[in-house]
Amino acid sequence: KKKLEEEGEDLKTLIELATQAQGKLGKYEEAVDLWKRVLKIDPGNKKALLNMGCTCFKLEKYEPARTSSKIVMELDPNLKEAVIIYTTCEVLIGDIEKTIPILENLLKKEPEYPLAIAVLAASYGMGDEKEKGLEHIKYLMKMGFLCEAYLHDLSERLISVGKTDRAVSLLEFAVESGNGTGEIRELLD
């Protein structure tokens, strides 16, 4: 911070501080403010946009997370972290149907990417293509991915944003897929 005070709005220093605030220090609100300052200087900075999306997601600020990650996807469609944040935000606050073609496209390039498979499985599971979702869940389980933990976390996030119907649909899908033990069954009750 002292370096920033001495040198003013220096891009390199702002990025360094934002990265530290977001990472080691866990000061997410401060990190968001620093990433905003970076973006004032360099509006197309992919690192700042991606990290803004990640940090906003951690803070459960899904609208700005979705916006930032969408911009990053437009700048670099192959940046898989941006795709995951964007599609997860769409599941939480937007249009689930938008996620499917984006994730299918990513999986053509990265067929073994567990998070993409998980978001796609959840999207299918909450929609009209439960069988496809179940196939993806089985594949994830073979990979050793903790599907129940992921589906539980996603359903809690859905509940926190008032998407109870989606959460119930996801929880029912989790039970159908064999991932509805323990905490998931408690949420359904």
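Here's what I pulled together on the structure shown here. (Residues numbered from 1 in each chain as written. Predicted model: local features only at pLDDT ≥ 70, side-chain atom pairs only at ≥ 80, totals over all residues. Heavy atoms only, no water.)

**Side note on the overall build of the protein chain**
A tally of regular secondary structure across the protein chain gives 12 helices and zero strands. Along the protein chain, from the amino end to the carboxyl end, the secondary structure elements read α-α-α-α-α-α-α-α-α-α-α-α. The dimensions of the protein chain, computed from C-alpha atoms along their principal axes, are 60 × 35 × 30 Å. Out of the 189 residues belonging to the protein chain, those deemed buried represent 46%. Taking contacts inside the protein chain between residues at least 6 apart in sequence as the whole, the part at least 24 apart equals 51%. In the structure as shown, the protein chain presents an accessible area of about 9900 Å², 52% of it carried by carbon and sulfur atoms. (Helix = DSSP H or I, 4+ residues; strand = E, 2+ residues; numbered from the N terminus. Buried < 20%, exposed > 50% of the residue type's maximum accessible area, 1.4 Å probe, protein only. Contact = heavy atoms within 4.5 Å. Areas by Shrake-Rupley, 256 points an atom, 1.4 Å probe, with all protein chains shown as cover.)

**Description of the layout of surface pockets**
Where empty space is left can be seen by rolling a probe of water-molecule size over the atoms. When its volume is computed, the largest pocket comes out at roughly 260 Å³. Every residue lining the largest pocket is counted, 13 residues in all, and those nearest its centre are F57, I84, I85, T88 and L115. Of all the secondary structure elements, the ones that give two or more residues to the lining of the largest pocket are α4 (46-58), α6 (80-93), α8 (114-126) and α10 (147-160). A per-class count over the lining of the largest pocket returns eight nonpolar, one polar and four charged. (1 Å grid on protein atoms, 1.4 Å probe; cavity = no way out; pocket = protein on both sides within 12 Å on 5 of 7 lines; lining within 4 Å. Points joined across faces, edges and corners; volume = space filled by probe spheres on them. Nonpolar A, V, L, I, M, F, W, Y, C, P; charged D, E, K, R; others polar.)

**So, the pattern of salt bridges**
Scanning the entire structure with this criterion turns up seven salt bridges. Residue E63 is joined to R66 by a salt bridge in which the shortest nitrogen-to-oxygen separation is 2.7 Å. Residue E63 and its partner R66 are located together in helix α5 (residues 62-75), separated by three residues, close to a single helical turn. The closest approach of N and O atoms between R66 and E90, which form a salt bridge, is 3.3 Å. Of this pair, R66 sits in helix α5 while E90 sits in helix α6; the two residues are 24 residues apart in sequence, bridging distant segments of the chain. The pair formed by R66 and E90 is uniform in burial state, with each residue classed as buried. Three or more residues are tied together by salt bridges with common partners; here these are E63, R66 and E90. (Salt bridge = Lys/Arg side-chain N within 4 Å of Asp/Glu carboxyl O.)

**Remarks on the nonpolar core**
Grouped together as the largest cluster of nonpolar side chains are 57 residues, with contacts concentrated most on W35, Y150 and L170. By residue number, the principal contributor to this core is α8, which donates nine residues. Discounting residues that sit within four places of it in the chain, Y150 has contacts with A118, V119, A122 and F145. (Core = buried A, V, L, I, M, F, W, Y, C linked by side-chain atoms within 4.5 Å.)

**Notes on the environment of S169**
The topology assignment puts S169 in helix α11 (residues 164-176). What makes S169 buried here is its relative accessible area of 16%. As a C-alpha pair, S169 and Q20 span 149 residues in sequence and 38 Å in three-dimensional space. Discounting chain neighbours no more than four positions away, the residues touching S169 are G125, M126 and K130.

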